[in-house]
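As a plain string of letters, each chain reads:
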Amino acid sequence: MARLVIVSNRVPPPRERGQLAGGLAIALRDAIRDHDTLWFGWSGATGERREPHLSKAGRVSFATIDIPETEYRGYYQGFSNGMLWPLLHSRMGLAQFHRADLAAYRAVNRLFAEALAPLLRPDDIVWVHDYHLIPLGRDLRALGVSCRIGFFLHVPFPTPQLFDHLPQGDDLLRDFTAYDVLGVQVQQDADNLNQAMAGSGLRGRARAFPIGIDPETFASAARRAESTPDAMRLRESLAGRALILGVDRLDYSKGLPQRFRGYAQLLRRFPEHHKGVTMMQIAPVSRGDVAQYRTLRRELDELAGRINGEHGEFDWVPVRYMTRAVARNTLAGFYRYARVGLVTPLADGMNLVAKEFVAAQNPDDPGALVLSRFAGAADELADAILVNPFDPDETAEGLHRALTMPPDERRDRWQRMEEAVRRNTAATWAGNFLRALGPTAVRAA
Ligand code: ADQ
């Protein structure tokens, strides 16, 4: 069995390495169980040290490197999150390009390659993750690495016309050619990337590998969480009102201001829901050091305040808004208790929250899902109430429909969505990708 080498910007932090609790770690659990694994990435620290920090937990070895202070900002905040993230989510207006950032991005990728190449053996299978590391494959090849290398893009890929705005974008497209397997979330992303590559005279071979969750584990966590003190406190505090739940990183791709406006429209246009619903938005702050994220946070503070001021009553607060993270198990209980899951990104590679919400429902009395048609998950969850999140009225109508949907219809739709979530799990995603990468990459089922 070949060794699996996972490369991602972030690796699980040391305290989690024993159990590997994070999203990618859960998705790769089966693959990790079957292979000796090396996980390579950024240590989380800046500094001049060149040698990787090494550690081991069971069959997984970890090698992490520091990034020089001078290059960190340009690589991470600058090019990755200030330029690529908005571009890949079709938000060119928010993108900031600086040549120095691009140079830092390329320098850090080379640094990754130089530190990783000596650790690699010819029969390793290398799987590189996400937009921070697009050039890594080509950098490794330039250092003579000949083993199989695959790349998976977790975020969307925009139309070729939009991608064309990226200065020196051709170079990035060329980077993709170094990979033996090029995976994206949905067919539309594959088509976009392949067309962009074709437009630059390159052969694009991107394929869709939609990511999933571990539905069994999530469903049983949700069942257990239903009777925990937190879930009971939530229920008590709602006093019989229907809960509309949103769970997202605080990110402008998630459409949070539009979502708040959609909820405000629900209260304006469908007054029968007054005092009958509560919206809870859990949105832990992410990338707080990037300017656009600080602006977004202020906007949401203001919107939540305005909705509560305009519609609230002395015994009813229409919006509950928290910027703290919530433990996954507690979250599972909240999903199960919610009458409506509200997932309305303006663009999203997949969106795992939508799948988690489905997995967490009580089969006898499932909640309804209002889902943006611009989330990758909409391909598989066609039985959600699909909305265009740019139109707050459409979101309001979707919410009204969800809140008034007859139980039979709710169950029918949920059953079909649940089948879709079970059909395509985290394990099938990783298995399919690794099988594409090489015949001996995974043990036959
Ligand atoms: P994200 O943009 O982070 O992921 P998503 O797919 O929804 O978006 O995953 C977020 C994860 O974080 C979920 O597992 C969710 O439960 C958890 N989470 C969110 N808010 C939380 C909170 N307040 N407390 C605790 N946990 C919380 C990127 C891409 C997506 C793609 C994934 C995986 O942007 O499109 O689906 O990678 O490929």
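Describing the overall build of the chain
A count of helical and extended segments in the chain gives 17 helices and 14 strands. The C-alpha atoms of the chain give 22 Å as radius of gyration, which agrees with the globular expectation for 445 residues (22 Å, within 12%). Principal-axis analysis of the C-alpha atoms places the extent of the chain at approximately 65 × 45 × 40 Å. Within the chain, the fraction of its 445 residues that count as buried is 58%.

Focus on helix H17 (residues 426-437)
The end-to-end C-alpha separation of H17 is 17 Å, in line with the 16 Å expected for 12 residues at 1.5 Å each. What H17 keeps buried is the set Ala426, Trp429, Ala430, Gly431, Phe433, Leu434 and Leu437. Where the residues of H17 are buried, they touch strand S1 (4-10), helix H1 (23-27), helix H2 (29-34), strand S5 (125-129), strand S6 (148-152) and strand S7 (181-184). Capping of H17 at its N-terminal end is provided by Thr425; its side-chain oxygen lies 3.2 Å from the backbone amide nitrogen of Ala427.

Some words on the packing of aromatic side chains
This structure, assessed with the given rule, holds 24 aromatic pairs. Judged by centre distance (4.6 Å) and plane angle (55°), the rings of Phe79 and Tyr105 are tilted. In this pair, Phe79 sits in helix H3 (residues 69-88) while Tyr105 sits in helix H4 (residues 99-116), placing the two residues 26 residues apart along the sequence. Of the two residues, Phe79 and Tyr105, neither departs from the other in class, the shared state being buried. With 5.9 Å between their ring centres and 65° between their planes, Phe374 and Phe390 make a pair best called edge-to-face.

Points about the site of the ligand
Of all residues adjacent to the ligand, which total 23 residues, the nearest are His154, Asp348, Met350, Leu352 and Glu356. Within the backbone of Val326, an N or O atom sits 3.0 Å from a nitrogen atom of the ligand. With respect to the ligand, the backbone of Asn351 contributes an N or O atom lying 2.9 Å from an oxygen atom. Across the complex, the protein chains shield 84% of the 710 Å² of accessible surface that the ligand would expose by itself. At the level of elements, helix H13 (328-337) and helix H14 (352-360) are the ones that each hand at least two residues to the shell around the ligand. Each residue belonging to the shell around the ligand can be placed in one class, and the counts come to 12 nonpolar, four polar and seven charged.

Digging into the domain arrangement of the chain
When the domains of the chain are assigned, the result is domain 1 (4-209) and domain 2 (215-423). Taking only C-alpha atoms into account, the centre of domain 1 sits 31 Å from that of domain 2. The interface is formed by 16 residues belonging to domain 1 together with 17 residues belonging to domain 2. The tally of links between domain 1 and domain 2 comes to zero salt bridges. At five residues, H3 tops the list of elements feeding residues into the side of domain 1 that touches domain 2. Here the side of domain 1 that touches domain 2 is built from residues that sort into eight nonpolar, six polar and two charged.

Details of the sheet that holds strand S4 (residues 60-67)
As summarised here, the arrangement of the eight strands in space is S3-S4-S2-S1-S5-S6-S7-S8, forming an open sheet in which the pairing is mixed. The open sheet terminates on both sides in strands that have one partner only, identified here as strand S3 (53-57) and strand S8 (206-208). Strand-to-strand, the axes of this sheet are offset by a mean angle of 25°, without reference to chain direction. When strand S2 (residues 37-46) meets S4, the two strands line up parallel, connected through seven bridges. Considered in S4, the bridge of Thr46 is made with Ile67. Contacts between helix H8 (residues 187-199) and the sheet are confined to S7 and S8, with S8 contributing the most and set at about 175° to the helix.

Focus on the pattern of salt bridges
Going through the model one piece at a time under the given rule, you end up with 28 salt bridges. With its nearest N and O atoms 3.0 Å apart, the salt bridge here joins Asp383 to Arg416. With a gap of 33 residues between them, Asp383 in the loop between strand S13 (368-372) and strand S14 (385-387) and Arg416 in helix H16 (residues 407-423) connect regions that are remote in the sequence. On the basis of relative accessible area, Arg416 is assigned to the partly exposed category, the value being 43%. When salt bridges with common partners are traced through the structure, they connect Arg106, Arg138, Asp171 and Asp175 into a single cluster.

Some remarks on the environment of Pro318
Considering the arrangement of structural elements, one finds Pro318 in the loop between helix H12 (291-311) and strand S11 (319-322). By relative accessible area, Pro318 is classed as buried at 0%. Between the alpha carbons of Pro318 and Leu267 there is a distance of 8.9 Å; along the sequence they are 51 residues apart.

Describing unusual backbone geometry
Most peptide bonds take the trans form, and the phi angle of most residues other than glycine is negative. Look at Ser90: it is not a glycine, yet its phi comes out positive at around 55°. Mapping Ser90 onto the fold places it in the loop between H3 and H4. Within the chain, Asn351 stands out as a residue other than glycine whose phi angle is a positive 90°. Tracing the backbone shows Asn351 in the loop between strand S12 (340-343) and H14. Overall, the relative accessible area of 5% leaves Asn351 in the buried class.

Rules used throughout
- Residues numbered from 1 in each chain as written.
- Predicted model: local features only at pLDDT ≥ 70, side-chain atom pairs only at ≥ 80, totals over all residues.
- Heavy atoms only, no water.
- Helix = DSSP H or I, 4+ residues; strand = E, 2+ residues; numbered from the N terminus.
- Rg over C-alpha atoms; globule rule 2.2 N^0.38 Å.
- Buried < 20%, exposed > 50% of the residue type's maximum accessible area, 1.4 Å probe, protein only.
- Expected span 1.5 Å × (residues − 1).
- Contact = heavy atoms within 4.5 Å.
- Polar contact = N/O pair within 3.5 Å; in protein donor to acceptor, adjacent residues only side chain to side chain.
- Phe/Tyr/Trp six-rings, centres within 6.5 Å; stacked < 30°, edge-to-face > 60°.
- Near = heavy atom within 4 Å.
- Areas by Shrake-Rupley, 256 points an atom, 1.4 Å probe, with all protein chains shown as cover.
- Nonpolar A, V, L, I, M, F, W, Y, C, P; charged D, E, K, R; others polar.
- Domains from an automatic or database assignment.
- Salt bridge = Lys/Arg side-chain N within 4 Å of Asp/Glu carboxyl O.
- Pairing = 2+ DSSP bridges.
- Axes fitted to C-alpha atoms, helices over the stretch in contact; angles between N-to-C directions.

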